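Residue strings, one per chain:
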2 protein chains.
Amino acid sequence: MRKIDPARQQERRRQILAAAAECFAENGFHATSTAQICARAAMSPGNLFHYYASKAEIIEALVASDTDALRERRQAGAARGDARAALVDWIDENLARYREPGYARLGMEILAEAVRNPRVHTLVMANESERKASLTALLAAVWQGVSRDALPRPVGEMADGLLLLLDGIYSRSVVDPQFDAAAGGRLLDAVLRDCLPPVAGRAGEQS
Amino acid sequence: MRKIDPARQQERRRQILAAAAECFAENGFHATSTAQICARAAMSPGNLFHYYASKAEIIEALVASDTDALRERRQAGAARGDARAALVDWIDENLARYREPGYARLGMEILAEAVRNPRVHTLVMANESERKASLTALLAAVWQGVSRDALPRPVGEMADGLLLLLDGIYSRSVVDPQFDAAAGGRLLDAVLRDCLPPVAGRAGEQS
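Note that this is a predicted model, so its numbers are computed, not measured.

## Some words on the relation of the copies chain B and chain A
Taken together, a rotation about one axis and a shift along it account for how the two chain copies relate.
Argument step 1. Under the fitted operation, chain B is carried onto chain A by 0.0 Å of movement along the axis and a turn of 180 degrees, and the coordinates agree to an RMSD of 0.0 Å. Both chain copies can therefore be described as sitting about a two-fold axis.
Argument step 2. Most of the interface of chain B is mirrored in chain A, where 97% of its interface residues are also at the interface.

Spelled out as structure tokens, the structure:
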């Protein structure tokens, strides 16, 4: 009997998910066969099925692994120095992902699957909830040391406003080929500015 | 041979689409049978198939009829008096629709179908394009008589910003049960205020 190497297993799963994400983004979830995923991952069907029993399990794992990555990053982020830079980076990375055509397509495939499949729906809701927790934690770090009464508005409300704009930018970039992303970015910058303490009294920097 | 009464035919189509929209919102597009749509519309299958050959044709007709309604309203709106009120009404009606659970569900069903079905995708893109044309026309009417150089920014950019916020509010209300719609509304109000000329010089009122 072969020994199980957990690191190797994890690397295999990561390979399968990366290959599947590419296939789903290119051809859609329904038009992708497991044979195509195997070919992309350079893996036999037997090997792939050892990790995931079905295409549905792969899409579930894609959402769950994104949620895990968000959570790990949130937990690691608590130790970081520059809270303001961390918040700006998080938002910029979201915007950069929306500009990748593969990401936009994969996101739509996952949403479409969430409408049909209650398990995917539950995982997408958990992902959204972790996204909101991540952004709320970043905002709380920026305002650390400022009393609740002195905040311009609650950090939860700031997070709602920023997520709303990010979702709106994603949606417009998907449905409107003429959408002016720069104008969307300016709107986001204005709202973000309202979510940051004045630079003179940088409450977010606890270095 | 029976005479064809176009008004009656149109009323029949309207009945079928209304019944189908209710069924799709309740159970989803794929879980709805044409038999259920017939029962809801109080119509025989033969009668229904006379108007629409398949469930797919019905979802296509739902999107197309919304686009037609938007276009007719835009064309009729050119004759209206109070441009400012027409703009505010248009936005409020969008927000009111997002608060109807059936509408939110139906919207997600249509988006999910657009991901799978190129014909639905094309119709959804046309609908988005008409939405943008409607909002741009409303904004142009509000700023009528003001020279292009005197605008705070181009009306197309104002329309992009407002559609982005509307899409974001829709998206958050679908993915986040805790979403604070009032906070979303305040953000939208602030951006809308930036899209309106000062009340003193009401450029939008051409009565």
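## What about the interface of chain B and chain A?
Argument step 1. Listed as interface residues are 35 residues of chain B and, on the opposing side, 34 residues of chain A.
Argument step 2. Across the chain B to chain A interface the summed buried area is about 2,900 Å²; carbon plus sulfur atoms make up 62%.
Argument step 3. When the buried area of chain B at its contact with chain A is split by residue, B:Arg116, B:Leu164 and B:Arg172 rank highest and sum to 23% of it.
Argument step 4. Here chain B is connected to chain A by 12 salt bridges.
Argument step 5. Linking B:Glu113 and A:Arg116 is a salt bridge whose minimum nitrogen-to-oxygen distance equals 2.9 Å.
Argument step 6. Those elements giving two or more residues to the side of chain B that touches chain A turn out to be α6 (101-116), α7 (118-142), α8 (155-175) and α9 (181-194) of chain B.
Argument step 7. The leading source of residues in the side of chain B that touches chain A is α8(B), at 13 residues.
Argument step 8. Among the residues forming the side of chain B that touches chain A, the class breakdown is 15 nonpolar, six polar and 14 charged.

## Quick notes on the state of the cysteines
Argument step 1. Taken as a whole and judged by the stated rule, the model has zero disulfides over all chains.
Argument step 2. A:Cys195 forms no disulfide, and the closest cysteine sulfur to it belongs to B:Cys195, at a distance of 19 Å.
Argument step 3. Unpaired in terms of disulfides, B:Cys38 finds its nearest cysteine sulfur in B:Cys23, a separation of 9.5 Å.
Argument step 4. Classification of B:Cys38 by relative accessible area gives buried; the value is 4%.

## With respect to the packing of aromatic side chains
Argument step 1. Scanning the entire structure with this criterion turns up six aromatic pairs over all chains.
Argument step 2. Each ring, one from B:Phe24 and one from B:Phe29, has its centre 5.1 Å from the other, and the planes form 75 degrees; the classification is edge-to-face. Here the two residues B:Phe24 and B:Phe29 agree in accessibility, since each one is buried.
Argument step 3. Three or more aromatic residues joined by ring pairs make a cluster, and in this case those are A:Tyr98, A:Tyr103 and A:Tyr170.
Argument step 4. Here the guanidinium or amino end of A:Arg13 rests over the ring plane of A:Tyr52, the centre of that ring lying 5.4 Å away.

## As for the environment of B:Arg116
Argument step 1. Locating B:Arg116 in the fold gives a position in helix α6.
Argument step 2. Since its relative accessible area comes to 26%, B:Arg116 is described here as partly exposed.
Argument step 3. With near-sequence residues (within four places) excluded, B:Arg116 lies in contact with A:His30, A:Glu109, A:Ala112 and A:Glu113.
Argument step 4. Separated by 3.0 Å, the side chains of B:Arg116 and A:Glu109 make a polar contact.

## Side note on the environment of A:Leu17
All names here are of chain A.
Argument step 1. Relative to the assigned elements, leucine 17 resides in helix α1 (residues 6-27).
Argument step 2. Take leucine 17: its relative accessible area is 11%, and that puts it in the buried class.
Argument step 3. Excluding residues within four positions of it along the chain, leucine 17 makes contact with Tyr52, Ile58, Ala61, Leu62 and Ser65.

## Description of the domain arrangement of chain A
Residue and element names in this part refer to chain A.
Argument step 1. Domain annotation of chain A identifies domain 1 (1-53) and domain 2 (56-207).
Argument step 2. The centre of domain 1, based on its C-alpha atoms, is set 28 Å off from the matching centre of domain 2.
Argument step 3. Across the contact, 16 residues belong to domain 1 and 12 residues belong to domain 2.
Argument step 4. Of the roughly 1,100 Å² buried where domain 1 meets domain 2, counting both sides, 74% is carbon and sulfur surface.
Argument step 5. At the boundary of domain 1 with domain 2, the tally comes to zero salt bridges.
Argument step 6. Elements that contribute at least two residues to the side of domain 1 that touches domain 2 include exactly α1 and α3 (45-51).
Argument step 7. With eight residues, the single largest contributor to the side of domain 1 that touches domain 2 is α1.

## Quick look at helix α7 (residues 118-142) of chain A
Argument step 1. Here α7(A) spans 36 Å end to end across 25 residues, near enough to the 36 Å set by a 1.5 Å rise per residue.
Argument step 2. A:Val120, A:Val124, A:Asn127, A:Glu128, A:Glu130, A:Arg131, A:Lys132, A:Ser134, A:Leu135, A:Leu138, A:Leu139 and A:Val142 are the residues of α7(A) that are buried.
Argument step 3. Close packing links the buried residues of α7(A) with α4 (55-77), α5 (83-98), α6 (101-116) and α8 (155-175) of chain A together with α8 of chain B.
Argument step 4. In this structure A:Asn117 caps α7(A), since a side-chain oxygen of it lies 2.9 Å from the backbone nitrogen of A:Arg119.

## Section: unusual backbone geometry
Argument step 1. Phi is positive for A:Ala42, which is not a glycine, with a value near 50 degrees.
Argument step 2. In this structure, A:Ala42 sits in the loop between α2 (34-41) and α3.

## With respect to the packing of α8(A) against α7(B)
Angle between the axes and distance between the axes are the two parameters that describe a pair of packed helices.
Argument step 1. Put simply, α8(A) and α7(B) touch, their axes get as near as 10 Å, and they point 115 degrees apart. Only B:Met125, B:Glu128 and B:Arg131 of α7(B) make contact with α8(A), whose side of the interface consists of A:Arg172, A:Val174 and A:Val175.

## Remarks on a negative patch on the surface
Residues and elements named next belong to chain A.
Argument step 1. A surface patch of like charges, here negative, comprises Asp82, Asp89, Asp92 and Asp189.
Argument step 2. Within the secondary structure, aspartate 92 is located in helix α5.
Argument step 3. Classification of aspartate 92 as partly exposed rests on a relative accessible area of 41%.

## Quick notes on the pattern of salt bridges
Argument step 1. Taken as a whole and judged by the stated rule, the model has 40 salt bridges over all chains.
Argument step 2. A:Arg14 is the salt-bridge partner of A:Glu11, the closest N and O atoms lying 2.9 Å from each other. Of this pair, A:Glu11 and A:Arg14 both sit in helix α1, three residues apart, which is roughly one turn of the helix.
Argument step 3. Here B:Arg40 and B:Glu22 are joined by a salt bridge, their closest N and O atoms 2.7 Å apart. With a gap of 18 residues between them, B:Arg40 in helix α2 (residues 34-41) and B:Glu22 in helix α1 (residues 6-27) connect regions that are remote in the sequence.

The rules behind these values
Residues numbered from 1 in each chain as written. Chains lettered and ligands numbered in written order. Predicted model: local features only at pLDDT ≥ 70, side-chain atom pairs only at ≥ 80, totals over all residues. Heavy atoms only, no water. Least-squares fit on C-alpha atoms with pLDDT ≥ 70 in both. Contact = heavy atoms within 4.5 Å. Buried area = accessible area lost by both parts, 1.4 Å probe. Salt bridge = Lys/Arg side-chain N within 4 Å of Asp/Glu carboxyl O. Helix = DSSP H or I, 4+ residues; strand = E, 2+ residues; numbered from the N terminus. Nonpolar A, V, L, I, M, F, W, Y, C, P; charged D, E, K, R; others polar. Disulfide = S-S within 2.5 Å. Buried < 20%, exposed > 50% of the residue type's maximum accessible area, 1.4 Å probe, protein only. Phe/Tyr/Trp six-rings, centres within 6.5 Å; stacked < 30°, edge-to-face > 60°. Lys NZ or Arg CZ within 6 Å of the ring centre and 35° of its normal. Polar contact = N/O pair within 3.5 Å; in protein donor to acceptor, adjacent residues only side chain to side chain. Domains from an automatic or database assignment. Expected span 1.5 Å × (residues − 1). Axes fitted to C-alpha atoms, helices over the stretch in contact; angles between N-to-C directions. Patch = residues over 30% accessible without salt bridge, like charges linked within 9 Å, V, L, I, M, F, W, Y side chains within 5 Å. Areas by Shrake-Rupley, 256 points an atom, 1.4 Å probe, with all protein chains shown as cover. Lys, Arg positive; Asp, Glu negative; His and termini not counted. Charge placed at Lys NZ, Arg CZ, Asp CG, Glu CD.

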